Every structure is written in C-alpha cells, then in structure tokens.
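# Structural description and commentary
These are the residues of each chain, in order.
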Amino acid sequence: MAKRSTPKKQQANSQSSRRYKTYQNKARKRLLQATSVSKCDKCGEARLSHTACLACGYYKGRVVIDKSKEMDKITKVKA
Ligand SMILES: [Zn+2]
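Residues numbered from 1 in each chain as written. Predicted model: local features only at pLDDT ≥ 70, side-chain atom pairs only at ≥ 80, totals over all residues. Heavy atoms only, no water.

Take R47: it is sitting in strand β2 (residues 46-48). We note that R47 is buried and unpaired, the nearest opposite charge coming from D41 at a distance of 4.9 Å. Here the side chain of R47 touches T51 through a polar contact of 3.1 Å, landing on its backbone oxygen. Discounting residues that sit within four places of it in the chain, R47 has contacts with S36, V37, S38, K39, C40, C53 and Y59. (Helix = DSSP H or I, 4+ residues; strand = E, 2+ residues; numbered from the N terminus. Buried < 20%, exposed > 50% of the residue type's maximum accessible area, 1.4 Å probe, protein only. Lys, Arg positive; Asp, Glu negative; His and termini not counted. Salt bridge = Lys/Arg side-chain N within 4 Å of Asp/Glu carboxyl O. Polar contact = N/O pair within 3.5 Å; in protein donor to acceptor, adjacent residues only side chain to side chain. Contact = heavy atoms within 4.5 Å.)

Rendered as structure tokens:
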C-alpha cells in the first residue's frame, strides 16, 4: 500500500462546499439532458420530445392520436 501524507492544513468549509457544488451541478446537468421536455406547437402543453402530445394528439403538425374517437366514460348501463 502506498504511503499517503497527512494533510498539512485543515480544508476550509468553502473549499469543500465548492467542490461539492461543481459535482452537484454536473449531476443536475446530466439529469436535465437525460429527459428532454418540450412544448407542444398546437396547444402549448409540455410533452416529451419525439413523442405525440397526449393533450391534443398532434405530432409534427398532424393528428396521430384521434381524440374524437376516444370512448366517453360509461356512466349509464343500458338495459
Ligand atoms: Zn398538444
């Protein structure tokens, strides 16, 4: 095992917190890049990039999910 020298001076709190903050910022940046959220062109709702908008069903200016065909909630049972 290699010999390690003992620290000559106690490290200042600001120095260690600065080191931690740079690590924290890098981790935050990586997280933000992992998930890219963009706005829908049609309705302005937040949506995942490269996916159709769940609010209006549009993707790249055309309808992908037809919202009119979606079934209404069944409230009455016909006899
Ligand atoms: Zn939309």
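Our next topic: the coordination of the zinc ion. Within the first shell, the zinc ion binds the protein through C40 (SG), C43 (SG), C53 (SG) and C56 (SG), at distances of 2.2 to 2.3 Å. Viewed at the metal, the 4 donor atoms of the zinc ion are separated by angles of 106 to 114°, and the geometry they form is tetrahedral. Sequence spacing among the residues donating to the zinc ion works out to C-x2-C-x9-C-x2-C. Placement of the pair is C43 in the loop between β1 (37-39) and β2 and C56 in the loop between β2 and β3 (58-59), with a sequence separation of 13 residues. Classification of C43 as partly exposed rests on a relative accessible area of 40%. (Donors = N, O, S within 2.8 Å, 3.2 Å for Na, K, Ca; no water. Tetrahedral: all angles 85-135°; square planar, octahedral: opposite > 155°, others 65-115°.)

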